[in-house]
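# Observations on chain architecture
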Amino acid sequence: MFVDRVTIFVKGGDGGNGCVSFRREKYVPRGGPDGGDGGAGGNVIIRAADGFTNLAHLSHQRHWKATRGGHGQGSTCFGRGGTDTIIDVPPGTLVRDRDRGHVLRDLKNAGDFVIVGHGGRGGHGNTHFKSSTNRAPRQHEEGLPGEERWLVLELKVIADIGLIGLPNAGKSTLLSRISRAHPEIADYPFTTKYPNLGTVVIDADKSFVVADIPGLIEGAHAGHGLGHEFLRHVERTRILVHLVEAVPIDGSDPLQNYRTIRQELEKYSPALADRPELLVISKMDVTGAAEARDRIAGELNRDVLAISAVTGRGIPQLIRRL
């Protein structure tokens, strides 16, 4: 299961109460107050960590709370501090306050963290209230409640390369050919229902991550198809690889298919539309593909790569360009 958005409730631990106590020992007259302070509550921390690809592990638990601080005791014993609760998420997770709408932190890299629920301060014991005029104070403070709020966690996949194009353009097949990823592949549209990531290893020192972005169709920016769910994943990529099927099986015009996706990118985000892009004609092993490739290159007046994931044609050249 792939989950890229969850809503959770977090609450920091309550602070412990201060203690009212007096020292009573044999041979110690007028011992005075010795009530200790309460301990501080634990924090709720969201941390980006490697080893997670999505937010599915958070979808079954909506409430996260840190432990409260211990109460103060006599003999000036302070209460124990509460234990922090750490929620691990994949790098690329955006932490947003649900009710106020502002972003608390963009956890881009592994190790980044943000405290989303501060623990309450512990209350003072009666030791803090003693003075020359108040030698037997019976005042104390209760611990403060921990911070609580509703959060929306939104994952934006982090990848160097984003594969975009209409359904059945060959994105998943290309990803499986150049990496060890095993996305679902079939001859019907919308086979891929969530982004797939694969690492392309060039040598011991060079590699890059490729993301297959599914579900882009006309009207994706307005919520049609699956594109409105996954367009945001393209925002993290550095380069776009736009795959266009040379001879679409539905008889559509490949050049118009290219322009359709470009329009969706521009409507969703002009900055995203300005991202560096490689135009790649896929399925060059079918009849009429060469003519389609020449027509597209001529009308757009730009460099166009041609590949066939079945035969391997053009794959090494594409990897070198990327």
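Presented here is a report on the structure given in the accompanying data block. (Residues numbered from 1 in each chain as written. Predicted model: local features only at pLDDT ≥ 70, side-chain atom pairs only at ≥ 80, totals over all residues. Heavy atoms only, no water.)

Here we come to the packing of helix 3 (residues 254-268) against helix 5 (residues 289-300). Orientation of helix 3 relative to helix 5, taken along the N-to-C sense of each, is 50°, at an axis distance of 9 Å. Considered as vectors, helix 3 and helix 5 are oriented oblique to each other. The residues of helix 5 that touch helix 3, namely those facing Pro254, Leu255, Tyr258 and Arg259, are Arg295, Ile296, Glu299 and Leu300. Class assignment of the residues belonging to the contact of helix 3 with helix 5 gives a composition of five nonpolar, no polar and three charged. (Axes fitted to C-alpha atoms, helices over the stretch in contact; angles between N-to-C directions. Helix = DSSP H or I, 4+ residues; strand = E, 2+ residues; numbered from the N terminus. Parallel < 35°, antiparallel > 145°, perpendicular 65-115°, else oblique. Contact = heavy atoms within 4.5 Å. Nonpolar A, V, L, I, M, F, W, Y, C, P; charged D, E, K, R; others polar.)

This part covers the nonpolar core. Counting 22 residues, the largest nonpolar core has Ile46, Ile87 and Leu153 as its most contacted members. Among the elements of the structure, strand 1 (5-11), strand 2 (44-48), strand 4 (85-89), strand 7 (113-117) and strand 8 (148-155) are those that each provide at least two residues to this core. Setting aside residues up to four positions removed in sequence, Leu153 forms contacts with Asp4, Arg5, Val6, Ile8, Ile46, Leu55, Leu58, Val89, Thr93, Leu94 and Val95. By size, the runner-up hydrophobic cluster in this structure holds 17 residues, among which are Leu163, Leu175, Phe208 and Val280. (Core = buried A, V, L, I, M, F, W, Y, C linked by side-chain atoms within 4.5 Å. Buried < 20%, exposed > 50% of the residue type's maximum accessible area, 1.4 Å probe, protein only.)

What follows is about the environment of Gly36. If you trace the backbone, Gly36 turns up in the loop between strand 1 and strand 2. Under the relative-accessibility criterion, Gly36 is labelled buried at 0%. It is 72 Å that separates the C-alpha atoms of Gly36 and Gln317, two residues lying 281 residues apart in sequence.

The next point concerns the pattern of salt bridges. Scanning the entire structure with this criterion turns up 17 salt bridges. For Arg238, the salt bridge identified is with Asp160, shortest N-O distance 3.3 Å. Here the residue Arg238 occupies a position in the loop between helix 2 (227-234) and strand 12 (239-245), and Asp160 occupies one in the loop between strand 8 and strand 9 (161-164), the gap between them amounting to 78 residues. The structure contains a network of salt bridges with shared partners spanning Asp97, Glu147 and Arg149. (Salt bridge = Lys/Arg side-chain N within 4 Å of Asp/Glu carboxyl O.)

In a disulfide, the sulfur atoms of two cysteines are held together by a covalent bond. Applying the stated rule across the entire model yields zero disulfides. There is no disulfide at Cys19, and the cysteine sulfur nearest it, in Cys77, is 9.0 Å away. Note on Cys77: relative accessible area 35%, which makes it partly exposed. (Disulfide = S-S within 2.5 Å.)

With that settled, consider the sheet that holds strand 4. Consider a sheet: its strands pair through backbone hydrogen bonds, and that pairing is either parallel or antiparallel. Sheet architecture is open: three strands sit in the order 4-2-7, paired in mixed fashion. For this open sheet the edge positions go to strand 4 and strand 7, each flanked by a neighbour on one side alone. Adjacent strand axes in the sheet meet at a mean angle of 25°, parallel and antiparallel pairs treated alike. As judged from the four bridges shared by strand 2 and strand 7, these two strands associate in the antiparallel manner. Pairing of Arg47 across the sheet is with Phe113, part of strand 7. (Pairing = 2+ DSSP bridges.)

Function-wise, these values are silent; they only describe arrangement.
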